[in-house]
Amino acid sequence: MSQLLDNLNPEQLAAVTLPARHALILAGAGSGKTRVLTTRIAWLIQSGFCGPQGILAVTFTNKAAKEMVTRLSAMFPINTRGMWIGTFHGLCNRFLRAHHRDAGLPQLFQILDSGDQLASIKRLLKTLNIDDEKFPPRDLQHFINGQKEAGIRPAAVEAWDDYTRRRVELYVEYEAQCQREAVVDFPELLLRSYELLERNEPIRRHYQARFRHILVDEFQDTNVLQYRWLKLLAGGQGGEGGACLFCVGDDDQSIYRFRGAEIGNMRDFERDFRVTDVIRLEQNYRSQGNILDAANALITNNTKRLGKNLWTDKGAGEPIRVYEAFTDTDEARWIVEEIQSLVRDGMGRADIALLYRSNAQSRVLEHQLFSSGVPYRVYGGLRFFERQEVKHALAYLRLIANPDDDTAFTRVVNFPTRGIGARSLEALQDAARTWNTPLYQTVPHLSGKPGTSLAQFVVLIERLRQETRELPLHEMVDHVIELSGLRAHYKTEKEGQERLENLDELINAAANFSAEVGAGQIPGEQPSETSAVLAEFLAHASLEAGDHQADAGIEAVQLMTVHAAKGLEFDVVFLSGLEEGLFPHENSAQESDGLEEERRLMYVAVTRARQRLYLSFTQSRMLHGQVRYNLRSRFLEEIPEGLTKWLTPPSPRRSFVSEPSTRYYNPGAGKAAAPAMPPPPPQKSRDLGGLRIGQSVNHARFGDGVIVAAEGSGNDARVQVKFAEAGAKWLMLAMAKLTPV
DNA sequence: GCCCTACATGTTTTT
DNA sequence: CATGTAGGGC
């Protein structure tokens, strides 16, 4: 026990050993948040305040949940299975499976991930003959999820205009379709759970009595519905006999407002539960002083804060290095050279992160890393269970588990192709509407001979179900991949090798999964029904889409967006593209509080670094096929001068373009519809020494070209010339001899 | 049923 | 620029 609390700082100790009251822990970046959470759970149990079954700990990502379980198991021997530790969605899934009847769901309901949901909505619009130009499926998905995440069913939507009323009708239709097909989307998992708890008093009372301590990670990321769910589970506001809510979060790291996170929940929580225990964890164990000072200085520019100041006893450390490049390519080249030099000095590549605001920026960086032969790894992109071949295999499995799943049906009815075209599918869909049956059940109704392709498809699925009934999960998956023709299909495909490997990997995943499920079994107990294991596996596949990329072992430089970097830390961090319009992103200017969210994002980025932080920006950047000239980011100006060291001569924050984000169109590269190129600012024409943009020039080495852009002034004046032979080059006017042609 | 081209469309992302 | 998608043509 004493060991458990060793080495905690006073604030951490206070948080861990708080009496049984509601509490809000404001945990700054790198302040030992996860440690406090897990130690609190261990402390509660070891002190006898509560049994493992009285704990509910909820996180946002599977990774965080797993981390918590791992750390707990390392602290003391405990059966973590008895505890409810998981993601909001994972826990709701568990809850709904346990009470599926009361929730109005079949036991083996399937879970739609966002892709499935979109496909389902598209299909709905098609069957209802609705113009998807007028109702873009993506918008509709966003609308429906937005309502659900606010806890609003169609009947309760406030619709003042025809368009919204129409969307509400579609919301109704969509719900009906999901119910018919026995599928549940992500927000539905939460809303159903919430509604069941709200309406069913015995169940509510049961869980309110069971959970004594509810611990919430990343509380600043909760949405409206998640907070209401927590309130309900905790037994209402400050209610006696309910659970204690222990919410850990950092308002300064709230960067997911765009997907429904409601920072207001933190204030609401304080008010609703009359929280008197607010503990700030401000000692940072990650970064050197200069880095923290920069982060603190930045974030004080935000107005809506609960207030917090990070500190460290590590000393100031190195200055923050700032670099100004001419172009994005130059920036990338410099970063790669710097990385190579760091690696030569013994820095591990995996300890170096390369961060950017948007994914589009990674390409230039990747290109440079690749051509320099520096191993790198990009986070983001498709994950394992989202790959098409894996989704196809899963769709067959879903049909076996639940033939009513029309999304799965349409996905594979003709994949691999078996001669079922749009024509026969339309007929089937019409018939399904007439008979009001799922597609699968509609097939026999069709007035075709039993030998039709559709009938054969049903025979295939029935056969698969029969033949795999007794098989262990991984053999079942193997069998399905084989008999569905998927394996044969990818064997003939030119680039099918990787897909085949992924299908094998799916079989492995199934084997691992059933081994884990089996491990949780009490010896002598009947093994679970294959169908139940299958349903669990499918839920697992939807809820946990897997790692972004598999080869984590390689010593490689880590590339990712700032969002993806949240929660991670690195010895060295390069933050690139610090330009107005890019970071802060131009789209954020329109949203209220958009700039503050961008600044929080910047705060997250800066606090990823342990020892060394590089900030870089460029004078010109190629974006969407156009060269753009941006001012350097205002966030750079918000870092006190004494903390930084400029690797390039500090320049005034001026560009010859007065307005940020002004676009100059590249003659030749631009489209005809592009607005006319703005005239160069008058004071520039002098500095160009008689040259102007659009002028044809000759260079001794590069030959003939056209001036397409210019920047800087006096001795710094540069022009970009697009040469017929040599391509586009930036040239210093003072150096290059350009003669007008 | 498949391939090709024209065209639009470009933040951030987990479950 | 570059990537994805919708729709036409074979």
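Residues numbered from 1 in each chain as written. Chains lettered and ligands numbered in written order. Predicted model: local features only at pLDDT ≥ 70, side-chain atom pairs only at ≥ 80, totals over all residues. Heavy atoms only, no water.

- Labelled according to an unreviewed UniProt entry, chain A appears under the name DNA 3'-5' helicase, originating from Zoogloea dura.

**Re the overall build of chain A**
Next up, step 1: Within chain A one finds 28 helices and 22 strands.
Next up, step 2: Across the 741 residues in chain A, those meeting the buried criterion constitute 52%.
Next up, step 3: In chain A, the proportion of contacts linking residues at least 24 apart, taken out of those at least 6 apart, comes to 75%.
Next up, step 4: Roughly 33,600 Å² of accessible area belongs to chain A as shown, and the carbon and sulfur atoms make up 50% of that amount. (Helix = DSSP H or I, 4+ residues; strand = E, 2+ residues; numbered from the N terminus. Buried < 20%, exposed > 50% of the residue type's maximum accessible area, 1.4 Å probe, protein only. Contact = heavy atoms within 4.5 Å. Areas by Shrake-Rupley, 256 points an atom, 1.4 Å probe, with all protein chains shown as cover.)

**Notes on empty space enclosed by the protein**
Next up, step 1: If you walk through the whole model with that rule in mind, you get 5 cavities of 30 Å³ or more.
Next up, step 2: As a volume, the largest cavity reaches approximately 90 Å³.
Next up, step 3: Around the largest cavity, the lining residues are Asp-113, Asp-116, Phe-385, Glu-386, Lys-391, Leu-394, Arg-398, Leu-538, Ala-541, Ser-542 and Ala-545.
Next up, step 4: Of all the secondary structure elements, the ones that give two or more residues to the lining of the largest cavity are α16 (388–401) and α24 (530–543). (1 Å grid on protein atoms, 1.4 Å probe; cavity = no way out; pocket = protein on both sides within 12 Å on 5 of 7 lines; lining within 4 Å. Points joined across faces, edges and corners; volume = space filled by probe spheres on them.)

**A short note on the protein's contact with DNA strand B**
Next up, step 1: Around DNA strand B there are 29 residues in total, and Ser-114, Arg-357, Asn-359, Thr-561 and Glu-591 lie nearest to it.
Next up, step 2: Sugar plus phosphate, as a fraction of atoms of DNA strand B within 4 Å of the protein: 53%.
Next up, step 3: Backbone polar atom of Asn-62 to a phosphate oxygen of DNA strand B: 2.9 Å apart, as the coordinates give it.
Next up, step 4: Between DNA strand B and the protein, one listed contact pairs a phosphate oxygen with a side-chain N or O atom of Asn-414 at 3.0 Å. (Near = heavy atom within 4 Å. Polar contact = N/O pair within 3.5 Å; in protein donor to acceptor, adjacent residues only side chain to side chain.)

**Regarding the packing of α16 against helix α21 (residues 473–483)**
Next up, step 1: Packing of α16 against α21 brings their axes to within 10 Å, and their N-to-C directions diverge by 110°. Comparing the axis directions of α16 and α21 gives the class roughly perpendicular. Along its contact with α16, which presents Ala-393, Tyr-396, Leu-397 and Ile-400, the element α21 presents Met-476, Val-477, Val-480 and Ile-481.
Next up, step 2: Along the lines of polarity and charge, the residues of the contact of α16 with α21 split into 8 nonpolar, no polar and no charged. (Axes fitted to C-alpha atoms, helices over the stretch in contact; angles between N-to-C directions. Parallel < 35°, antiparallel > 145°, perpendicular 65-115°, else oblique. Nonpolar A, V, L, I, M, F, W, Y, C, P; charged D, E, K, R; others polar.)

**Things to note about the side chain of Thr-39**
Next up, step 1: By secondary structure assignment, the location of Thr-39 is in helix α3 (residues 33–46).
Next up, step 2: If sequence neighbours within four positions are ignored, Thr-39 has contacts with Leu-4, Leu-5, Leu-8, Val-16 and Met-75.

**With respect to the packing of aromatic side chains**
Next up, step 1: Tallied over the full model, the rule gives 24 aromatic pairs.
Next up, step 2: Relative to Phe-211, the ring of Trp-84 has its centre 5.6 Å away and its plane inclined at 70°; by these criteria the two rings are edge-to-face. Linking Trp-84 in strand β3 (residues 84–87) with Phe-211 in the loop between α10 (201–210) and β6 (213–216), this pair joins segments that are 127 residues apart in sequence. Of the two residues, Trp-84 and Phe-211, both sit in the buried class.
Next up, step 3: Where Phe-269 meets Phe-273, the ring centres are 5.3 Å apart and the plane angle is 50°; that geometry is what we call tilted.
Next up, step 4: On the accessibility criterion, Phe-269 (0% relative accessible area) is buried.
Next up, step 5: When its relative accessible area of 2% is taken as the criterion, Phe-273 is described as buried.
Next up, step 6: An aromatic cluster is built from Trp-84, Phe-95, Tyr-207 and Phe-211, whose rings are joined through pairwise contacts.
Next up, step 7: A cation over a ring is seen here: Arg-97 above Phe-109, with NZ or CZ 3.7 Å from the ring centre.
Next up, step 8: Its end group placed over the ring of Tyr-256, Arg-259 keeps NZ or CZ at 3.6 Å from the ring centre. (Phe/Tyr/Trp six-rings, centres within 6.5 Å; stacked < 30°, edge-to-face > 60°. Lys NZ or Arg CZ within 6 Å of the ring centre and 35° of its normal.)

**Brief notes about the pairing of β3**
Each regular strand displays side chains that alternate between the two surfaces of the sheet.
Next up, step 1: Pairing analysis gives 4 bridges linking strand β2 (residues 55–59) to β3, with the strands arranged parallel. Looking at the pairing, Val-58 lines up with Gly-86 of β3. (Pairing = 2+ DSSP bridges.)

**Notes on the protein's contact with DNA strand C**
Next up, step 1: Around DNA strand C, the neighbouring residues are Arg-363, His-624 and Gly-625.
Next up, step 2: Near-protein atoms of DNA strand C (within 4 Å) split between backbone and bases, with sugar and phosphate holding 42%.

**As for α16**
One full turn of an α-helix is made of 3.6 residues, so residues set three or four places apart face in the same direction.
Next up, step 1: For α16, built from 14 residues, the straight-helix expectation of 20 Å at 1.5 Å per residue is met to within 8% by its first-to-last C-alpha distance of 20 Å.
Next up, step 2: Counting buried residues along α16, 13 of its 14 residues qualify, which places the element largely inside the surrounding structure. (Expected span 1.5 Å × (residues − 1).)

**Some remarks on helix α7 (residues 137–149)**
Next up, step 1: Between the first and last C-alpha of α7 there are 18 Å, a value that for 13 residues agrees with the 18 Å anticipated at 1.5 Å per step.
Next up, step 2: Taken residue by residue, α7 has Pro-137, Leu-140, Gln-141, Phe-143, Ile-144, Asn-145, Gln-147 and Lys-148 as its buried positions.
Next up, step 3: On its buried side, α7 packs onto α6 (114–127), α8 (162–181), β5 (183–185), α9 (186–199) and α11 (224–233).
Next up, step 4: One or two steps after α7, the chain reaches Gly-151, where phi turns positive at roughly 80°.

**What to know about unusual backbone geometry**
Next up, step 1: The amide bond that connects Phe-415 to the next residue, Pro-416, takes the cis arrangement and shows omega of -5°.
Next up, step 2: As for its placement among the helices and strands, Pro-416 is situated in the loop between α17 (406–412) and α18 (422–435).
Next up, step 3: Its identity is not glycine, yet Asn-129 carries a phi of approximately 60°, on the positive side.
Next up, step 4: For Asn-129, the location among the structural elements is in the loop between α6 and α7.

**Looking at the pattern of salt bridges**
Next up, step 1: Scanning all chains against the criterion turns up 51 salt bridges.
Next up, step 2: Residues Asp-405 and Arg-398 are paired through a salt bridge, measuring 2.9 Å at the closest nitrogen-oxygen approach. Assigned by exposure class, Asp-405 and Arg-398 land together as buried.
Next up, step 3: When salt bridges that share partners are traced, they join Lys-148, Arg-153, Glu-175, Asp-185, Glu-188, Arg-192 and Glu-195 into one network. (Salt bridge = Lys/Arg side-chain N within 4 Å of Asp/Glu carboxyl O.)

**Quick look at the pairing of strand β13 (residues 570–575)**
Next up, step 1: Among the 6 residues that make up β13, 6 are buried, leaving the element largely enclosed by the rest of the structure.
Next up, step 2: Relative to β13, strand β10 (residues 352–356) runs parallel, the two being bridged by 4 bridges. For Leu-355, the partnering residue across the bridge sits in β13 and is Leu-575.
Next up, step 3: Where β13 and strand β14 (residues 609–623) come together, 5 bridges link them in parallel fashion. Along β14, the bridge assignment pairs Phe-574 with Tyr-614.

**Things to note about the sheet that holds strand β8 (residues 277–281)**
By way of backbone hydrogen bonds, the strands of a sheet pair with one another, either parallel or antiparallel.
Next up, step 1: Read across the open sheet, the 6 strands follow the order β3-β2-β6-β7-β1-β8; overall the sheet is parallel. Every other strand in the sheet has two partners, leaving β3 and β8 as the edge strands with one partner each. Across the sheet, the mean angle separating the axes of adjacent strands is 15° when strand polarity is ignored.
Next up, step 2: Bridging between β6 and strand β7 (residues 244–249) involves 4 bridges; their strand directions are parallel. Across the sheet, residue His-213 finds its bridge partner in β7, namely Cys-244.
Next up, step 3: Here helix α5 (residues 88–98) sits on the sheet and contacts β2, β3 and β6; the angle it forms with β3, its principal contact strand, is near 125°.

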